[in-house]
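Architecture and fold: a report
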Amino acid sequence: MNDNNDDSFNEGTYKIIGQPIDRTDGRLKVTGAARYAAEFTLPRLCHAVLVQSTVPSARITRLDTRDAERSPGVLLVLTHLNAPALPQRGRAAVNPPAGRVMSLLQDDVVNYNGQPIAVVVADTFERATAAASRIQAMYTPQTSTLDFASAKRAPHAPATQGRAPSETSWGDFAAGVAAGEVKIDAVYTTPMEHHNPMEPHATVASWDGDQLLLYDSTQYVSGVRSTVAKTLGIPLDKVRVVSPFVGGGFGCKGSTWSHVVLAAMASRKLQRPVKLVLARPQMFGPVGGRPQTEQHIVLAARRDGTLTAMRHDVISHTSQIEDFTEPSSAPTRMLYACPNGATSQRLASLNVGTPTFQRAPGLSTGTFALEVAMDELAYALAIDPLELRLRNYADAEPQSGKPFTSKYLRDCYRDAATRFGWARRNPAPRSMQSGRYLIGWGLGTATFPAHSQPAAALATMLPDGSALVQSGTQDLGTGAYTVMTQIAAEALGLPLEKVRFELGDTSLPPAPVSGGSMTSASVGPAVLSACNALRQKVIMQAIRDERSPVKGLTPAQVTIDNGVLMSTVDPQRREELAAFLGRRGSPLVASGDAAPDAEEEKRYAAHSFGAVFAEVRIDQELGEIRVPRIVATYDVGRRLNAKTAMSQLRGGIVWGVSLALFEHSVLDRQTGRIVNSNLAEYHVPVNADIGRLEVAFIDEPDNRFTALGARGIGEIGITGVGGALCNAVYHATGRRIRDLPITLDQVV
Ligand code: MOS
């Protein structure tokens, strides 16, 4: 959060930032030249396969590996019986909530079905797979908890909860309820889910002496490096992590999971490079997922719609080995102006793999519950749902009283409502029919906090007049390569094609996890800072160069535009940057970093907002729910690239439809196994499931939040959609559904 007071960069006159530039890595991706973790190959590479427990809670009494060891091509079978002992039994890097308790074969204890219990390494993947199937495990079963309904009767408060407290209250909830004339009191649920990025987790581990190299599919190269170094008990500088392309993350690649360290352990033991790729079914358990939630909401309001009290109590599941909280109460803590309220987060432990951040954690599931409750209140009051939201509009963050860095939610509601045609809506349920189809229109509010963290970048001007700009961030398919290239080109005064941006390597300056929608707002300012410094350096050198046409001018009299150094007072005094740098012969380098301003963070609340209007069409006889169109408008600060921003928001909405209508990991309460652990039975939307997505932006830069005026856009698209669809289903059918996903049996 720094004000833009750098005179080398004139805010508001951007030529390249904001433009709908095609992805700079697009060609590499469509031609197959982009290399993903599993595609790296090394001499003597061998292949590892994970063997997983088939019971939810047990001690391993016997592990018969003889058949597997005798199988053709097998080089190593690693189990708790022969695995090297790690510092603190493998827990040296645990730093909740995202420093995972991994399963690293340090004991015979099984805490969930699917826990890694062995690693088989062979000369080919097929031989490793065949040998892995020959391992026989015998268990002494222990008591297990697999039923959320019973586990939630004895919930516990989270041991840790990131930066947010597990309980909040403001004003006087009981007095607020008493002052209310209409009350809503209901329970909403969302299911267990698994991320399923298109590219599964994959790691190639290779040792050169005491130096470990990891090609890993990750949202956080620096995080993998420090976790692996601490876990193995080796110095940080002995580990390098490389991740140039990631085929989707959605949160599951934000932490380091067991398979990464296991690949490194196997590789060290064999003194050969080892590749370990998870199979699709292995994505359901040992690498996180979204916790199941049960959310109890109480709303009280006066007849005129003014909220007098709100309460949001959440229970979500976690594992037996670690606390992870799905912070679904988050929107209730900041979205509406209400003088009295309380929220709480509780956990119910199950014998399952530890859940984790998934696609707008808390805000996606929380806006579903809150926005359905608001719709219920609107109907109870006979007030239009949009009008109810406007009557409780928060001009400052309700609990803290802090002003927002910027907020244009009212404009979002107005713009999206107009484009959708909301004014034509007859509020009566089942009032809009078309033949055998029931039509319903619903509204939901979108919101996601704006985050940033310290980041660093390096910028190098090469003798040919092109620039190399680097930061150890990641691109999950979101557009980070493209947007950072645009920022660098803009700041350096170079055409886009003269800038190359590199990322995904711990040998580059460090950057935070690509999670929490914060890459643009964290790395963008660092790139800007490095490139501004480099631009100044180039100008300082040029004005001292005997042969330069800008020789003798002051720095303020020189600019660089489209790769040309020129005088701002006499445009005739100009020279191609490449000519000057070529004469010089050696590169110019500058580094830069950026960090959020702690004082500004204390004074302001930073959030993005949006309004989502959805139409559903429901077949009265079959119960089939279709979504012909969603119209949404977002206030996300400045768009750094109009095209990738549009893709991010549309993609987010698709995942919102997925949350509302499709995703559901079904846990077998006998075995603790996810029974639909494949993409045939774990449903996500396909192209035919998505209708028109009409997205618009309120283009107001948030210059209080970052010098670039941009807030993150990775996750907000998912939020609000579940509520909008659920409310549309009510409007269509008259059925109030409070449990996701909405399936046809609930509406017929
Ligand atoms: Mo995201 S769930 O913050 O990777």
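Every value quoted in this text rests on a predicted model; they were computed, and no experiment measured them.

Description of the environment of D699
When you line up the elements, D699 lands in the loop between β27 (692-697) and α16 (721-733). With relative accessibility at 42%, the residue D699 sits in the partly exposed group. Taking the C-alpha atoms as reference, D699 lies 24 Å from E387; in sequence the two are 312 residues apart. In this structure the side chain of D699 is engaged in a polar contact, spanning 2.5 Å, whose partner is the side chain of R639.

Quick word on the environment of S665
Turning to its location among the elements, S665 is positioned in the loop between α15 (642-661) and β27. The class of S665 is buried, set by a relative accessible area of 4%. Distance from S665 to S166, taken between C-alpha atoms, is 26 Å for residues 499 residues apart in sequence. Sequence-distant contacts of S665, defined by excluding residues within four places in its chain, comprise M192, E193, H194, F284, I674, N676 and Y682. At 2.7 Å, the side chain of S665 and the side chain of H194 are in polar contact.

Points about the side chain of S243
Assignment of secondary structure puts S243 in the loop between β11 (239-242) and α7 (258-270). On the basis of relative accessibility, which here comes to 1%, the residue S243 falls in the buried class. Within the structure, the side chain of S243 is placed 2.7 Å from the backbone oxygen of D216, a separation counted as a polar contact. For S243, the side chain forms a polar contact with the main-chain nitrogen of T218, separated by 3.5 Å.

Focus on the sheet that holds strand β26 (residues 625-635)
Strands in a sheet are paired, the pairing made by backbone hydrogen bonds, and the direction either parallel or antiparallel. Pairing is mixed across the open sheet formed by five strands, whose spatial order is β16-β17-β25-β26-β27. Each of the sheet's edge strands pairs with one partner strand only, and the pair in question is β16 (432-434) and β27. On average, each strand axis in the sheet is inclined to that of its neighbour by 25 degrees, with strand direction left out of account. Both strand β25 (residues 607-619) and β26 contribute to a ladder of nine bridges, which runs antiparallel.

Regarding the pattern of salt bridges
Counted according to the given criterion, the structure contains 39 salt bridges. For R583, the salt bridge identified is with D545, shortest N-O distance 2.6 Å. Taken together, the positions of R583 in helix α13 (residues 577-584) and D545 in the loop between α12 (519-542) and β21 (558-561) put the pair 38 residues apart, joining distant regions of the chain. The partner of R629 in a salt bridge is E615, with the nearest N and O atoms 2.9 Å apart. Placement of the pair is R629 in strand β26 and E615 in strand β25, with a sequence separation of 14 residues. As far as the burial class goes, R629 and E615 line up, both buried.

Topic: the nonpolar core
Counting residues in each nonpolar core, the largest one holds 85 residues, and the members touching the most others are Y188, L299, L377, F613, I630, Y634 and I742. Top element by residues in this core is helix α8 (residues 363-381). It accounts for 10 residues. Apart from residues lying up to four places away in sequence, L377 is in contact with V182, I184, L299, A301, L307 and L388. Judged by nonpolar contacts, the second largest core, of 53 residues, contains Y14, F245, A467 and L492.

Some remarks on the domain arrangement of the chain
Assigned domains within the chain: domain 1 (38-143 + 197-283), domain 2 (401-451 + 601-747) and domain 3 (453-595). Taking the mean C-alpha position of each, domain 2 and domain 3 sit 38 Å from one another. Opposite the 15 residues of domain 2 that make contact, domain 3 presents 15 residues. Broken down residue by residue, the surface that domain 2 buries against domain 3 is led by H451, L640 and L708, which jointly contribute 43%. Taken together, the connections running from domain 2 to domain 3 amount to zero salt bridges. Each residue belonging to the side of domain 2 that touches domain 3 can be placed in one class, and the counts come to seven nonpolar, seven polar and one charged.

Observations concerning the sheet that holds strand β9 (residues 202-208)
If you walk across this open sheet you meet the seven strands as β3-β5-β1-β12-β9-β10-β11, and the pairing is mixed. Looking at strand neighbours, the two that pair on one side only are β3 (74-79) and β11, the edges of this open sheet. The sheet shows a mean angle of 20 degrees between the axes of neighbouring strands, direction not considered. Pairing geometry for strand β1 (residues 46-52) and strand β12 (residues 274-277), over three bridges, is parallel. Within β12, the position partnered with H47 by the bridge is K275. Helix α3 (residues 125-132) rests against β1, β3 and β5 (116-122) of the sheet, and its axis sits at about 25 degrees to β1.

Considering the pairing of β12
As paired elements, β9 and β12 share four bridges and run antiparallel to each other. Across the sheet, the residue bridging to A202 is V277, located in β12.

Focus on the confidence of the model for the chain
In the predicted model, the chain carries a mean pLDDT of 96, and 97% of its residues have values of at least 70. Segment residues 1-10: pLDDT under 50, and 31 contacts once partners within four positions in sequence are set aside and those in other chains are kept.

Here's the deal with α16
Compared with an ideal rise of 1.5 Å per residue, which puts 13 residues at 18 Å, α16 spans 18 Å between its outermost C-alpha atoms and is within 8% of the ideal. Counting buried positions over the 13 residues of α16 gives 13, a clear majority of the element. With its phi angle positive at about 80 degrees, G734 sits one or two positions after the end of α16.

A word on the packing of aromatic side chains
Counted according to the given criterion, the structure contains 13 aromatic pairs. On the numbers, 6.4 Å between centres and 45 degrees between planes, the contact of F420 with W422 is tilted. Side by side, F420 and W422 carry an identical accessibility label, which is buried. Between W422 and F613 the ring centres are 5.1 Å apart and the planes differ by 65 degrees, which places this aromatic pair in the edge-to-face class. A residue pair is termed long-range when its members are at least 10 positions apart, and W422 in the loop between α10 (409-420) and β16 and F613 in strand β25 qualify at 191 residues. Assigned by exposure class, W422 and F613 land together as buried. Ring-pair connections join several aromatic residues into one group, and the members of that group are F420, W422, W441 and F613. Stacked on the ring of F250, the Lys or Arg R359 has its end atom at 4.9 Å from the ring centre. Geometry around Y393 places K407 over its ring, the cationic atom sitting 4.3 Å from the centre.

So, unusual backbone geometry
For the bond running from L740 to P741, omega is -5 degrees, close enough to zero to count as cis. The phi dihedral of N562 falls on the positive side, at around 50 degrees, and the residue is not glycine. Tracing the backbone shows N562 in the loop between β21 and β22 (564-567).

Basis of the calculations
The residue count restarts for each chain, going from 1 along the sequence in the order it is written. The model is predicted, so local features are restricted to residues of pLDDT at least 70 and side-chain atom pairs to those at 80 or more, both for listing and for counting; the totals for chains, interfaces and linings are taken over all residues. Neither water nor hydrogens contribute to the side-chain values; these are computed over all heavy atoms in the structure. Strands here are runs of E lasting at least two residues and helices are runs of H or I lasting at least four, both read from the DSSP assignment and numbered beginning at the N terminus. When a residue's accessible area, from a 1.4 Å probe over protein chains only, is under 20% of the maximum for its type it is buried; when over 50% it is exposed; and in between it is partly exposed. Counted as a polar contact is a pair of N or O atoms within 3.5 Å, where, for protein atoms, one must be capable of donating a hydrogen and the other of accepting one, and residues adjacent in sequence contribute only when both atoms are in side chains. Two residues form a contact once any of their heavy atoms are found within 4.5 Å. DSSP-based pairing: two strands are paired if at least 2 bridges between them are found. All axes are obtained by fitting lines to C-alpha atoms, using only the stretch in contact for helices, and the reported angles, taken between N-to-C directions, cover 0 to 180 degrees. The rule for a salt bridge is simple: a side-chain nitrogen of Lys or Arg has to be within 4 Å of a carboxyl oxygen of Asp or Glu. Residues grouped as a nonpolar core are buried Ala, Val, Leu, Ile, Met, Phe, Trp, Tyr and Cys residues, joined through side-chain atoms within 4.5 Å. For each domain, the first and last residues come from an automatic or database assignment. Accessible area that two parts lose when put together, with a 1.4 Å probe and added across both, is what the buried area reports. Asp, Glu, Lys and Arg are counted as charged, while Ala, Val, Leu, Ile, Met, Phe, Trp, Tyr, Cys and Pro are counted as nonpolar; the rest, among them Gly, fall into the polar class. As a per-residue quantity, pLDDT reports the predictor's confidence and falls between 0 and 100. Working rule for helices: expected span equals 1.5 Å times residues minus one. Note on aromatic pairs: the rings of Phe, Tyr and Trp (six-membered ring only in Trp) are paired at centre separations within 6.5 Å, and the planes decide the class, stacked below 30 degrees, edge-to-face beyond 60, tilted for the rest. Here, over-ring charges are defined by two tests on the NZ atom of lysine or the CZ atom of arginine: distance to the ring centre within 6 Å, and angle to the ring normal within 35 degrees.

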